[in-house]
Amino acid sequence: MKKNMITGSKLWSIAMITSLLAACSSPATTSTTANAATSTTGTTKTVSVSEQTSVKYADLVSLDADDTNISWSEADSTAIKLNGTTATVTGSGAKAANGSVTISEAGTYVLSGELTDGQIVVNVADKGTVHLVLNGATIHDNDSAAIYIQKAGKAVITLEKGTKNTVSDGKTYVYADATTDEPDAAIFSKADLTFNGAGQLNVTGNYNEGITSKDDLKIISGNISVKAADDGIKGKDMVAIQAGTITIEAEGDGIKSTNDTDTTKGYVAIDGGTFDIQSGNDGIQAETALVTDGGTYNIVTGGGSANAPAKVEEGPFGGGGWGGGTRPTDMGTPPDGEPPADMPEMPTNSGTNAGTNTNGAAASNPANTTTTTTTDNNADADTATTATESTSAKALKAGTDLTVNGGTYTIDSMDDSLHSNNIVTVNDGIFNIESGDDGIHADQALTINGGTITIAKSYEGLEGAIITLNDGDVDVTASDDGVNAAGGETETATNTAASTDSATTATDATTTSNISVTETTGTTSTTDQASQGTAANQQGRGPGGMGAVSNNEFHINGGSLTVNAGGDGLDSNGSINMTGGTVIVNGPTNSGNGALDYDGTFEISGGYLVAAGSSGMAQGTSDASTQNTIVMTFPATQKAGTLVHVQDSEDNNILTFAPAKDYQTVVVSSPELAKDGSYVIYSGGTSTGKAVDGLYTDGTYSGGTQVVAFQSTSNVTWVNETGVTTANTGMGGPGGGGGQGGFGGGRNRSQSGTTFDSTGTTDSAK
């Protein structure tokens with residue numbers, strides 16, 4: 001992963017002037033003007049997923065009798081007694097010489113004692129199975145792997161119950177010649193390697209890696225602790241873990257698979273177990289698919305989220321624009337005189353917390369974790385600092401598909417907590433996440449079908465080209481966008497008119513998994529994007545801003561989503577569609593972002609939505625919605641915790657809500673709202689009801705001040721303290737960040753229901 005970030009530059013005036021010039025050259029009847037950074041030529045690619053698949057551990061992993069065999073007897077095995085720099089072999093198939101033991105026949109070998117500088121070598125010509133039983137063995141080699149499986153059909157290492165075993169190597173290896181670079185781990189196998197048993201194994205890879213298999217690596221059981229100068233546990237074709245207690249402290253990746261030439265291999269599959277991983281780079285990384293069915297995980301990567309570099313989006317045209325993101329505090333004053341105030345704190349790399357994990361203990365932060373370069377640009381007396389993040393430090397990372405079917409996850413990651421270069425599917429699980437970047441990120445489709453997900457800290461909470469929430473409870477805190485449907489393939493203005501159906505699957509999709517082909521769970525739907533350019537004008541969104549209409553989509557079909565955002569609350573570079581569930585949005589407080597920000601349409605037909613934030617970039621739902629919406633703009637900013645209450649003419653409660661952040665605009669959509677209903681909005685007061693995430697149910701509301709009484713006139717009714725008004729209109733504001741974002745969303749701060757002159761008096765919008 002490589003990101004370019006700019007900090008500390010006065011960008012506001014330049015950005016707004018440039019956007020004005022570009023917008024003036026656009027037709028006033030369309031919102032599909034191409035972003036300056038996006039080519040308007042070439043082949044249009046469509047990002048779309050028609051269904052999500054659920055792959056499980058059992059679909060990927062098969063075990064044979066050798067994998068689970070832990071039995072042995074003295075009569076049917078060869079005993080290897082280690083003693084300092086020598087060893088005594090009792091039985092056939094092995095020989096001791098020069099401080100090392102070479103096993104040349106298939107069979108069972110029981111190792112005990114201590115070898116202070118020597119090697120256990122397995123070299124079986126007939127490719128049979130070698131069963132090594134560690135029965136209280138300590139093995140160390142100063143200049144090579146302590147256990148080296150050179151040739152065998154399979155090697156099985158059993159950790160005898162009740163024993164403690166230790167394997168380690170030296171910091172420097174001696175190879176036969178300059179072209180040789182193997183072995184490079186304390187336990188190194190060129191054959192399939194399986195661990196089982198109920199004993200304990202401590203592995204220290206001082207030279208490079210802890211445990212490596214060049215084929216399959218399976219852990220059936222055992223208490224395994226690994227400390228490594230680079231990767232902890234690595235298997236080329238697969239890493240499969242059925243159970244066990246695994247503790248890893250690695251300067252590189254914690255657990256990884258590496259086969260990048262065969263799409264049916266290179267995966268990590270975990271059925272269960274207990275994992276405590278502290279890694280300088282990724283916690284668990286699969287070259288192709290990563291599947292977890294269960295287990296308990298405590299993962300800290302890169303020293304934790306406190307070590308993440310501060311992030312400010314490039315803008316206005318590079319890297320997705322400054323549009324969806326939190327702009328720098330030192331950006332000057334925007335043209336309308338509104339100061340860019342109330343900016344949230346951005347993560348820093350500073351001194352006191354850097355390198356500290358959630359337990360307060362110092363975490364490993366190797367010198368090669370992050371490379372930062374700084375450049376000074378003196379043009380216009382402004383400066384820019386560019387940080388290049390060159391090393392991945394994600395917690396769960398998949399090259400193709402990441403599927404979580406269950407488990408409990410406590411994650412503190414410098415980089416994304418859950419990440420896939422293709423698809424992320426969460427079917428169940430309990431997540432407590434603190435991320436220095438995205439909480440959950442999918443380059444293509446992110447689907448949540450269940451689980452309890454708490455993202456307590458992130459730059460962006462959920463990000464993907466197509467995001468679908470079918471079920472589950474999701475709570476997101478983000479310094480930038482809470483949910484960001486961005487990235488993937490972008491459709492430009494030139495090609496939008498030619499596109500008639502975005503529900504077709506891309507014919508040249510980049511990375512697809514050949515192994516996630518099992519039962520279908522949940523749905524990820526796509527919609528016709530061809531009409532989005534003109535449909536956006538239903539919101540009065542001027543000349544459409546500067547972003548290309550994209551195929552990005554955010555679908556809410558069920559579950560609950562609570563967002564606390566410093567940037568946009570819900571941000572889609574394409575459209576939002578809501579058919580069910582409950583969505584609560586708090587923030588932003590600055591007028592450079594909006595609680596809702598979309599470049600296409602927001603059609604709602606079911607569920608309950610409340611979004612409270614600043615008024616400058618406020619959007620409601622689209623006129624094409626079949627469920628009604630009220631968008632209320634207050635005459636002044638309301639303090640966090642101040643109740644907003646909406647009731648109908650019969651005193652039925654529509655909304656009683658205490659936003660977690662300061663707010664001036666509130667959007668509410670409910671099945672109880674009628675197109676021609678009469679409503680009263682109150683501010684302040686108290687409620688005897690029960691509040692969940694600030695939303696009150698039951699109880700009695702009292703003591704508030706009436707702000708406005710009105711009759712709704714359409715399925716999206718905009719009101720201020722004087723009554724029904726018109727939707728925000730005007731030149732497009734800064735649009736969603738990420739990928740090909742750029743400017744999008746036509747909202748004008750000067751037409752947000754009520755405006756203020758320099759003396760502080762109010763003037764109702766006409």
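Use the structure listed above.
Model, not experiment: these values are computed from the prediction. (Residues numbered from 1 in each chain as written. Predicted model: local features only at pLDDT ≥ 70, side-chain atom pairs only at ≥ 80, totals over all residues. Heavy atoms only, no water.)

Caption draft 1: Structural detail: the pattern of salt bridges. Scanning all chains against the criterion turns up 10 salt bridges. A salt bridge links lysine 218 to aspartate 67; the shortest N-O distance between them is 3.1 Å. Here aspartate 67 lies in helix α3 (residues 65–68) and lysine 218 lies in strand β16 (residues 216–219), a separation of 151 residues in the sequence. Looking at aspartate 67, the relative accessible area reads 0%, which means it is buried. The partner of aspartate 237 in a salt bridge is lysine 265, with the nearest N and O atoms 3.9 Å apart. Of the two residues, aspartate 237 sits in the loop between β18 (233–235) and β19 (238–241) while lysine 265 sits in the loop between β21 (255–257) and β22 (267–270), which places them 28 residues apart along the sequence. Given a relative accessible area of 9%, aspartate 237 falls into the buried group. (Salt bridge = Lys/Arg side-chain N within 4 Å of Asp/Glu carboxyl O. Helix = DSSP H or I, 4+ residues; strand = E, 2+ residues; numbered from the N terminus. Buried < 20%, exposed > 50% of the residue type's maximum accessible area, 1.4 Å probe, protein only.)

Caption draft 2: Representation of the packing of aromatic side chains within the structure. For the coordinates displayed, the defined rule picks out 11 aromatic pairs. Taking the centre distance of 4.7 Å and the plane angle of 5° together, the rings of tyrosine 409 and phenylalanine 431 count as stacked. Note that tyrosine 409 is positioned in strand β30 (residues 408–413) and phenylalanine 431 in strand β33 (residues 430–435), a separation of 22 residues in sequence. Exposure class is identical for tyrosine 409 and phenylalanine 431. Each is buried. Ring centres 5.8 Å apart and planes at 80° place the aromatic pair phenylalanine 634 and tyrosine 663 in the edge-to-face group. Highlighted residues: phenylalanine 634 in strand β47 (residues 629–638) and tyrosine 663 in strand β50 (residues 663–669), separated in sequence by 29 residues. The same class applies to phenylalanine 634 as to tyrosine 663, namely buried. Joined through ring pairs, the aromatic side chains of Phe275, Tyr297, Tyr409 and Phe431 make up one cluster. (Phe/Tyr/Trp six-rings, centres within 6.5 Å; stacked < 30°, edge-to-face > 60°.)

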